[in-house]
Each structure stands twice: as C-alpha cells, then as structure tokens.
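Topology and contacts: notes
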Amino acid sequence: MRILLTNDDGINAPGLEVLEAIAAELSDEVWVCAPAEENSGAGHSLTLHMPVRLRQHGERRFSVTGTPTDAVNLGMKKLFPDRPPDLVISGVNNGENLADDVTYSGTVSAAMEAALAGIPAVAMSQALRDAGHGFAAARAWAARVLAPLLDVRMPKRTVINVNFPALPADQVKGIRVVRQGFHDYARGSVIEAVDPRGRPYFWFGLDDIEHTLDHGTDLEAVGEGYISVTPLQLDLTHHASIGALAERYSG
Ligand code: MN
C-alpha cells in the first residue's frame, strides 16, 4: 500500500511526526508531501498568484511552498508518475476540526483534494483543549480508527473526518460515527490594535466560539470523550431545496 501523508501545520509540525509513526504501522511505503509553512485556516485554497516550489527533505519526504491543496495536488502530479497513492491521510492536526470548521480547515481540504483525484482520504485532528495530553490519543487509537476504513470502499468524492478528544489515551471512551455539527455564529474574537505606523489592524482569535451540542454530532462525540468519525461529501448541494427552488423559476 502506497500512503501519502500531508497536513496544514507544515512539514515540521509535531502532529505530522505522529502521523508518520501511525502510517509506518500500516505500510512500508509512506510518502510525505506537506506545506513548507503552517497553513491552518487555508481551507481549500490553491495558489494561483505566485509559483510554488517542491523541496526534497528525504527519500520520500517533500515540502511545497504553498497551501495544503497545493501540496497534495503537486505531490500527486510530480511524485507518482507510475501510479497514484492508495490512501492519503492528512494531519494529525494541532487542534480539532469539528462542525463548520471543516470548511476553514486546511487539514480537511487536503483530504478533499485527494478525494477529488479519486483517492481514499482521511483527515485526522487532535483536540488539545486541555494541554498536556498532546497527541497521545491519536497515536494510541489511530490504528483502530483506520483499520475498518481500509476495508471499506469509500464512495467517490467523500472524505473521512476523524477527531480525537483532548484526553489521555486510556480515558478515550471509544469511537462514534456521527454527522457534522454546527457552531452558533459568533465566530471567535477580533483583537483590534494599532501598528507601528499608526494604522489600525485586526487579528482573528479562536476563543469565544459558541458550540451547539446537537445530538449525534461530531461536537457532541468529542465533547463526551469519544473519537468522532464523520464521512463528508464534496457535493455541497442542499438536495432537499432543489425542487422548491426550481419551482420558483418555472412558469
Ligand atoms: Mn492546522
């Protein structure tokens, strides 16, 4: 099995080292192609306004001077001329990617880029709210999470979004397959200050995000100490609205 690893925290991120250890247990052909720098919050952005460079760090270790999407896209085009990877895993992200945050997430978007190319893809994120446990839950539980996914033929244009709770590995309660939750919109704080030239600037914070803990969601599962496994689809169409909206335009 040929596995490609990527992330949005950059080639030097501790979570990527954790993911490399996880992947080494699955295969002896593990490749890394990750952004050169941290790209958290980059979403599914593709660099179009400047060139990107592919740098080699080891036999199967590369970085791209761009976004997570750039890294997956360029990696697949340049590193695998013979055959594409069998699996792409993105992460392990430094922090959770739950609910509406999946569209901001470079971690999830890197997996989506692989899914667009028809490759099974998994995004993995580790909640770190209570600092001190680090990536222990992800490291200990990833193999159990991944094993069933390797046997299942994932539908095209879907990705699996996995989040590990901020707990010591032995306190994780189990694995739940759940739907994507949602945040109440009060999207974090904004810090306002003045730069050295006297001009105001703003900086988005991540605190004060309200959670709606609906039953059966990723937010609820991780909040209750479970690992959330959520299948996501790239088709964002709200199918239930098609008929009613089409009627508005007919006649
Ligand atoms: Mn990140």
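Notes on the structure follow. Here the residue numbering is sequential within each chain, running from 1 through the sequence in written order. The predicted origin of the model limits local features to residues at a pLDDT of at least 70 and limits the giving and counting of side-chain atom pairs to 80 or more, whereas totals for whole chains, interfaces and linings rest on all residues. Values shown for side chains rest on all heavy atoms present in the structure; no hydrogens or waters enter the calculation.

Quick look at the packing of helix α2 (residues 68-79) against helix α3 (residues 106-116) now. Only C-alpha atoms enter the line fits that serve as axes; for helices the fit covers just the stretch in contact. Angles between N-to-C directions range over 0 to 180 degrees. In this text, helices come from DSSP runs of H or I with a minimum length of four residues, and strands from runs of E with a minimum of two, each type numbered from the N-terminal end. Relative to each other, α2 and α3 sit at 30°, their axes nearing to 8 Å. Taken together, the axes of α2 and α3 are roughly parallel relative to one another. α2 and α3 meet at a crossing whose hand is right-handed. Across the interface between the two elements, Pro 68, Thr 69, Val 72, Asn 73 and Met 76 from α2 touch Gly 106, Ser 109, Ala 110, Glu 113 and Ala 114 from α3. Oblique is the label for any angle not under 35 degrees, not over 145, and not in the 65 to 115 range, which are roughly parallel, roughly antiparallel and roughly perpendicular in turn. Take the far helix as your reference; a near helix turned counterclockwise from it by less than a right angle gives a left-handed crossing, and one turned clockwise gives a right-handed crossing. Contact between two residues is taken to exist if any of their heavy atoms lie within 4.5 Å; hydrogens are not considered.

Each reported salt bridge corresponds to a side-chain nitrogen of Lys or Arg within 4 Å of a carboxyl oxygen of Asp or Glu. Evaluation of the coordinates by the stated rule reveals ten salt bridges. Ionic pairing is found between Glu 29 and Arg 2, a salt bridge with its closest N-O pair at 2.6 Å. Placement of Glu 29 in strand β2 (residues 29-35) and of Arg 2 in strand β1 (residues 2-6) is noted, with a sequence separation of 27 residues between them. There is no split in this pair, since Glu 29 and Arg 2 are both buried. Salt-bridge contacts for Arg 176 lead to Glu 220; the nearest nitrogen and oxygen are separated by 3.9 Å. Of this pair, Arg 176 sits in strand β8 (residues 174-177) while Glu 220 sits in helix α5 (residues 218-223), and the two are 44 residues apart along the sequence. Where salt bridges share partners, they join Arg 2, Glu 29, Asp 82, Arg 83 and Asp 86 into one cluster. For each residue, the accessible area found with a 1.4 Å probe, counting protein chains only, is set against the maximum for its type, and the residue is called buried under 20%, exposed over 50%, and partly exposed in between.

Our focus in this paragraph is the sheet that holds strand β3 (residues 54-58). If you trace the nine strands from one edge of the open sheet to the other, you get β3-β4-β2-β1-β5-β6-β7-β13-β8, paired in mixed fashion. The sheet terminates laterally at β3 and β8, the two strands that pair on one side only. Neighbouring strand axes in the sheet, compared pairwise and without regard to direction, differ in orientation by 20° on average. Pairing between strands is defined by DSSP: at least two bridges between the two strands are required. As paired strands, β1 and β2 are joined by four bridges and run parallel to one another.

All right, on to the coordination of the manganese ion then. At this site the manganese ion is bound by Asp 8 (OD), Asp 9 (OD), Ser 40 (OG) and Asn 93 (OD1), with donor distances of 2.1 to 2.3 Å. Note: metal donors comprise N, O and S atoms at 2.8 Å or less from the metal (3.2 Å for Na, K and Ca); water molecules are not included, so apparent gaps in a site are possible. Going along the chain, you hit the donors of the manganese ion in the pattern D-D-x30-S-x52-N. One end of the pair, Asp 8, is in the loop between β1 and α1 (14-24); the other, Ser 40, is in the loop between β2 and β3, and 32 residues separate them in sequence. On the basis of relative accessibility, which here comes to 2%, the residue Asp 8 falls in the buried class.

Right, let's talk about the layout of surface pockets for a bit. In this structure, the second largest pocket encloses a volume near 270 Å³. A total of four residues in the lining of the second largest pocket trace back to one element, the largest contributor, which is strand β13 (residues 226-233). Broken down by class, the residue content of the lining of the second largest pocket amounts to five nonpolar, seven polar and two charged. Cavities and pockets are found on a 1 Å grid laid over the protein atoms alone: a cavity is a set of points where a 1.4 Å probe fits but cannot escape, a pocket is an open set with protein on both sides within 12 Å along at least five of seven lines, and a lining residue has an atom within 4 Å of such a point. Grid points are joined across faces, edges and corners, and a volume is the space filled by probe spheres set on the points. Nonpolar residues are Ala, Val, Leu, Ile, Met, Phe, Trp, Tyr, Cys and Pro. Charged residues are Asp, Glu, Lys and Arg, and all others, Gly as well, are polar.

The next thing to look at is unusual backbone geometry. Residues apart from glycine generally show negative phi values, whereas peptide bonds are mostly found in trans. The step from Gly 91 to Val 92 runs through a cis peptide bond, and the omega angle for that step is -15°. As for its placement among the helices and strands, Val 92 is situated in strand β5 (residues 87-94). Despite not being glycine, Ala 99 has its phi angle at roughly 55°, a positive value. For Ala 99, the position within the fold is in the loop between β5 and α3. Within the chain, Arg 157 stands out as a residue other than glycine whose phi angle is a positive 60°.

Patches in this entry comprise residues that are over 30% relatively accessible and not in a salt bridge; like charges within 9 Å are linked, as are nonpolar side chains (Val, Leu, Ile, Met, Phe, Trp, Tyr) within 5 Å. Using a 1.4 Å probe, accessible areas were evaluated by the Shrake-Rupley method; residue-level cover was limited to the displayed protein chains. Among the surface-exposed residues, Val 190, Phe 202 and Phe 204 lie close enough to one another that they form a single nonpolar patch of about 370 Å² accessible area. Considering the arrangement of structural elements, one finds Phe 204 in strand β11 (residues 200-204).

That is the geometry; function is a separate question.
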